[in-house]
Amino acid sequence: MSPYDGSDNEREVRVMKFTVERDALAEAVTWAVRTLPVRPVIPVLGGVLLRAAGDGLTLSCFDYEVSARMRVPAAVAEAGAVLVPGRLLAEITRSLPGLPVEFADDPDGVSMTCGEVAFTLATLPPEEYPELPELPLLAGTADGGVLAAAISQVTPAASRDDTLPMLTAVSLELGGQTLTLAATDRYRLAVRDLAWSPADWIGEHVREAGKAAVLVPARTLADAAKMMSPGVPVRIMLRESGGAGGGAMGGAADGGGAMIGFEAGVRRLTTRLLAGEFIRYRSRFPEEFGCTADLPAQAFAEAVRRVSLVAERGTPVQLSFAPGRVTVGAGTQGQARARENVPANFTGDEPVIAFSPHYLLDGVLAAALPPMTPVAPAAPAAPAAPADPADPAGRARAQAEAPAADGTTQVRLQFTSASKPAVITQRPPGGAGGREAGTDFRYLVVPQRVQQ
């Protein structure tokens, strides 16, 4: 039996020879190297492991934190494995003509031949490469399109400040039939609920521990969304860190060894979970509001973008409500001022509130995403507008910026006063409000001081 018929962790290297289509190779290499560290601690961590066996080629990389794996069809004459510099391989692959690429063993490393083009790459020592992580626990599955959209709604709210690791993560609550994603940077909080199909053991864990939650690095989760597609189930897998109370979902676990993985079609991405317990956020959403404004999502977002051009860094945009409209205004003293009127339906006694334009736009665009439901993969899809097939999360956000087919996509802004947090959601059909109306996404944002 060939040593390459086993798992990706096999280390033995032997003579190999295989041929793969250039476009398939370029897609796989480009996706895999996205997870490589910019400055690897040791050289082998900047490598991509190529393993040819059976009728396919598997590309893998792992830096002890994040791993990526993708399999593409290949004509394998001799099974084998080799570790090569990842970013160099990506640059070479992008430059090749659209012809099949042949890889073969070479005394100086590994050769690549594509038509009249030939490269020889020095290889990295495979015995120093870490074993790829295995994730034995299937937590459940979710539709790729729905999960990608949810990730795109929530991840912008995660912090970029690495001094507070917990805030750079997205909390995934794996409870019952609902998967909840939440992220915050202390100035805004985004929460999205979606349906999924949990494994039986998830329900048992919830009954015993009261909750099942993990902290996933937001940047890696955003990368995972780019491999998800509508109608393709995403398998969510876990590896627990072991020890009583120290599992992957123990809340304030030490996080050592605990990992989560996302598998969609021929791609798999894993990452270490962050230690700690996410903030208790549910009580931070107000139960009642004194003011409510329904706004056309696209027109309002465009107005905020235009007006914010004259706002210095840290300067808010101010919303002034009047019957039938809202005036979006901003300015820099002594330089420029701007304002724009947008139609709005407003009720309440506090007609003025101000926000960071960046935070406000993130909430409006996320709330305006069209409702998505799981897609049956068996039915052929109708031709769609041009979009990047590798980035469904980006497509979803682009849809939010475009007008709805019937021109009625609206967001709802609710607040009590100019100094207390406001909540942005999508306006439910018929204008009903609140969670009872089926709002799956909520965005809480702290206002800034109103300019006099």
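Provided above is the structure to which this section pertains.
Calculation rules
Counting restarts for each chain: residues are numbered from 1 in the order of the written sequence. In keeping with the predicted nature of the model, local features appear solely for residues at pLDDT of at least 70, side-chain atom pairs appear and are counted solely at 80 or more, and the whole-chain, interface and lining totals rest on all residues. To obtain the side-chain values, all non-hydrogen atoms of the structure were used and water was disregarded. Per the convention used, a helix needs a DSSP run of H or I reaching at least four residues, while a strand needs a run of E reaching at least two, with both numbered from the N terminus. Per-residue accessibility, obtained with a 1.4 Å probe over protein chains only, is compared with the maximum for each type, and a residue is labelled buried under 20%, exposed over 50%, and partly exposed between these values. Every accessible area reported is derived by Shrake-Rupley at a probe size of 1.4 Å, with residue values counting cover from the shown protein chains alone. Strands are labelled as partners when DSSP assigns at least two bridges between them. The working definition used for a salt bridge is a side-chain nitrogen of Lys or Arg within 4 Å of a carboxyl oxygen of Asp or Glu. The contact rule is simple, with two residues in contact once any of their heavy atoms fall within 4.5 Å. Axes, fitted as lines to C-alpha atoms, cover a helix only where it is in contact. Angles between the N-to-C directions of the axes lie from 0 to 180 degrees. Centres within 6.5 Å make a pair out of two Phe, Tyr or Trp rings, where for Trp the six-membered ring is used; the pair is then stacked when the planes are under 30 degrees apart, edge-to-face when over 60, and tilted otherwise. For a ring to carry a charge above it, either NZ of a lysine or CZ of an arginine must fall within 6 Å of the ring centroid while also lying within 35 degrees of the normal to the ring plane.

1. Describing the overall build of the protein chain
A count of helices and strands for the protein chain gives eight helices and 27 strands. Residues counted as buried form 51% of the 452 residues belonging to the protein chain. When the accessible area of the protein chain is evaluated, it comes to approximately 21,000 Å², of which 52% is carbon and sulfur surface.

2. Focus: the pairing of strand 2 (residues 47-53)
With seven of seven residues buried, strand 2 lies mostly within the body of the structure. Going residue by residue along strand 2, you find Gly 47, Leu 49, Arg 51 and Ala 53 tucked away on one face and Val 48, Leu 50 and Ala 52 tucked away on the opposite face as well. Where strand 2 and strand 3 (residues 56-62) come together, five bridges link them in antiparallel fashion. Bridged to Leu 49 within strand 3 is Ser 60.

3. Focus: the pattern of salt bridges
If you walk through the whole model with that rule in mind, you get 14 salt bridges. For Asp 23, the salt bridge identified is with Arg 22, shortest N-O distance 3.1 Å. Of the residues examined, Asp 23 reaches a relative accessible area of 53% and is grouped as exposed. We classify Arg 22 as buried; its relative accessible area is 16%. For Arg 412, the salt bridge is made with Asp 294, and the minimal N-O distance between the two is 2.7 Å. Note that Arg 412 is positioned in strand 25 (residues 410-415) and Asp 294 in strand 19 (residues 291-296), a separation of 118 residues in sequence. Of the two residues, Arg 412 and Asp 294, neither departs from the other in class, the shared state being buried. Residues joined by salt bridges that share partners form a network here, namely Arg 34, Asp 223 and Lys 226.

4. Describing unusual backbone geometry
Its identity is not glycine, yet Tyr 64 carries a phi of approximately 80°, on the positive side. Summarising the element assignment, Tyr 64 is placed in the loop between strand 3 and strand 4 (66-73). Look at Tyr 64 and you get partly exposed, because its relative accessible area is 38%. The backbone of Arg 186 shows a phi angle near 85°, a positive value even though the residue is not glycine. Summarising the element assignment, Arg 186 is placed in the loop between strand 12 (178-184) and strand 13 (188-195). Exposure remark for Arg 186: the relative accessible area of 54% places this residue in the exposed category.

5. So, the sheet that holds strand 17 (residues 259-264)
Pairing between the strands of a sheet is mediated by backbone hydrogen bonds and can be parallel or antiparallel. Read from one edge to the other, the open sheet built from nine strands follows the order 6-2-3-4-18-17-16-10-14, with strand pairing classed as antiparallel. Sheet topology places strand 6 (80-85) and strand 14 (197-198) at the edges, where each strand pairs with a single neighbour. Judged from the six bridges that link them, strand 2 and strand 6 form a sheet pairing that is antiparallel. By the bridge assignment, Val 48 is partnered in strand 6 with Val 84. Seen against the sheet, helix 3 (residues 144-154) touches strand 10 (137-143) and strand 16 (233-239) and runs at an angle of roughly 90° to strand 10. Strands in contact with helix 5 (residues 218-225) are strand 4, strand 17 and strand 18 (267-272); relative to strand 18, the strand with the most contacts, it is inclined by about 175°.

6. Quick word on the packing of aromatic side chains
Across all of its chains, the model carries eight aromatic pairs by this definition. Pairing Phe 346 with Phe 415 gives two aromatic rings, centres 6.4 Å apart and planes at 25°, and the pair type is stacked. With a gap of 69 residues between them, Phe 346 in strand 23 (residues 345-347) and Phe 415 in strand 25 connect regions that are remote in the sequence. Exposure remark for Phe 415: the relative accessible area of 0% places this residue in the buried category. Members of the aromatic cluster, joined through ring pairs, are Phe 321, Phe 346 and Phe 415. Over the face of the ring belonging to Phe 285 we find Arg 442, whose NZ or CZ atom lies 4.3 Å from the ring centre.

Purely spatial values, then, with no claim about function.
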